[in-house]
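Observations on chain architecture
In case you want the letters, here they are:
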Amino acid sequence: MSRLLGHYETFPEVIHGVARLTHRMSIRKLQHAILHTLHQLNQENHLLSDIASLPSSKCEVSFEFGVAEGTTFNYLDKEEVEKFQKSIMKESLPIFDVFCVVRYHVVDKKRVPLKFDYHLVRFMFHKNSVELQICHERGTQRLSLEDLIIFIIKRINEELSQRRLKPLTRKHLRTL
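Residues numbered from 1 in each chain as written. Predicted model: local features only at pLDDT ≥ 70, side-chain atom pairs only at ≥ 80, totals over all residues. Heavy atoms only, no water.

It is characteristic of soluble globular proteins that their nonpolar side chains tend to be buried jointly. L30, F63, F96 and F123 are the most contacted members of the largest nonpolar core, which totals 43 residues. Counting residues per element, this core draws most heavily on helix α4 (residues 145-162), which supplies 8 residues. Those residues in contact with L30 that lie beyond four places of it in its chain are H23, M25, F125, V130, I156, L160 and L168. Residues F11, I15, V18 and L120 belong to the second largest nonpolar core, which totals 7 residues. (Core = buried A, V, L, I, M, F, W, Y, C linked by side-chain atoms within 4.5 Å. Buried < 20%, exposed > 50% of the residue type's maximum accessible area, 1.4 Å probe, protein only. Helix = DSSP H or I, 4+ residues; strand = E, 2+ residues; numbered from the N terminus. Contact = heavy atoms within 4.5 Å.)

Written as structure tokens, this is what we have:
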């Protein structure tokens, strides 16, 4: 079976959240910005209260994003970003699947891990729109799907702004 860059062959059929967005740039530029954003998020820590609509004290959030390649996901490190960027330069991807772990830690006198959330995220690209689909695999969902989607979109838009590109415009957001 061939390995497809960016495509997870067994992406779930049950989707728990969908966001439809419009864009005014090439799909390649948008995909580069998404890759860079997810790579940056892999290196950051945030307070849950800065991301979630419901405040939570002393809880820290970090992310672990991996990109699909057939039946596996590869951690989105610098080398993986470069591999995808080279591929995108040749041809933009119609689908871009991502594994997302949301890691939670209570920070008091020491950093104590809590149960993590595991999600599959699919970006489906069209000429002037992109659809983000999310499936919650398992975990406690301390961070709601809606808050997670809004946070990812916000961070992509910040990256687009740095690149002097127009932001994504949210047309629809629905979660179960």
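With that settled, the discussion passes to the side chain of H136. Position of H136 relative to the elements: it lies in strand β8 (residues 129-138). A polar atom in the side chain of H136 sits 3.3 Å from the side chain of D117. Among the polar contacts made by the side chain of H136, one reaches the main-chain carbonyl oxygen of R138 at a distance of 3.2 Å. In contact with H136, other than residues within four places in its own chain, are H16, D117, Y118, H119, Q141 and L145. (Polar contact = N/O pair within 3.5 Å; in protein donor to acceptor, adjacent residues only side chain to side chain.)

As a volume, the largest pocket reaches approximately 170 Å³. Lining the largest pocket are L4, L5, G6, H7, S87, E91, S92, L93, P94 and I95. Considered class by class, the residues forming the lining of the largest pocket number 5 nonpolar, 4 polar and 1 charged. (1 Å grid on protein atoms, 1.4 Å probe; cavity = no way out; pocket = protein on both sides within 12 Å on 5 of 7 lines; lining within 4 Å. Points joined across faces, edges and corners; volume = space filled by probe spheres on them. Nonpolar A, V, L, I, M, F, W, Y, C, P; charged D, E, K, R; others polar.)

This part covers the side chain of H32. By secondary structure assignment, the location of H32 is in helix α1 (residues 27-41). Among all residues touching H32, those that are not within four sequence positions of it are Q85, I88, M89 and R163.

Moving on, we get to the environment of T22. Relative to the assigned elements, T22 resides in strand β1 (residues 17-22). Distance in space between the C-alpha atoms of T22 and R170 is 6.6 Å, their sequence separation being 148 residues. Discounting chain neighbours no more than four positions away, the residues touching T22 are N128, S129, P167, L168, T169 and K171.

Attention now goes to helix α3 (residues 78-90). Compared with an ideal rise of 1.5 Å per residue, which puts 13 residues at 18 Å, α3 spans 19 Å between its outermost C-alpha atoms and is within 8% of the ideal. Among the residues of α3, those classed as buried are E80, V81, F84 and I88. Along α3, the residues classed as buried sweep out an arc of 100 degrees about the axis, all on the same side. In this structure, α3 carries K78, E79, K86, M89 and K90 as exposed residues pointing more than 90 degrees from its buried face. (Expected span 1.5 Å × (residues − 1). Arc of directions from axis to C-beta.)

Right, let's talk about α4 for a bit. With 18 residues, α4 should reach 26 Å at 1.5 Å per residue; the first-to-last C-alpha distance of 26 Å fits that figure. Within α4, the full set of buried residues consists of L145, D147, L148, I149, F151, I152, I153, R155, I156, N157, E159 and L160. Two residues or fewer after α4 comes R164, characterised by a positive phi angle close to 60 degrees.

Attention now goes to the pattern of salt bridges. Evaluated as defined, the whole model comprises 11 salt bridges. Among the salt bridges present, the one from E131 reaches R20, with a minimum N-O distance of 2.8 Å. With E131 in strand β8 and R20 in strand β1, the pair connects residues that are 111 residues apart, well separated along the chain. A relative accessible area of 39% means that R20 is categorised as partly exposed. The residue R163 makes a salt bridge to E159 at a minimum N-O spacing of 2.6 Å. Here R163 falls in the partly exposed class, since its relative accessible area comes to 33%. Judged by its relative accessible area of 9%, E159 falls in the buried class. (Salt bridge = Lys/Arg side-chain N within 4 Å of Asp/Glu carboxyl O.)

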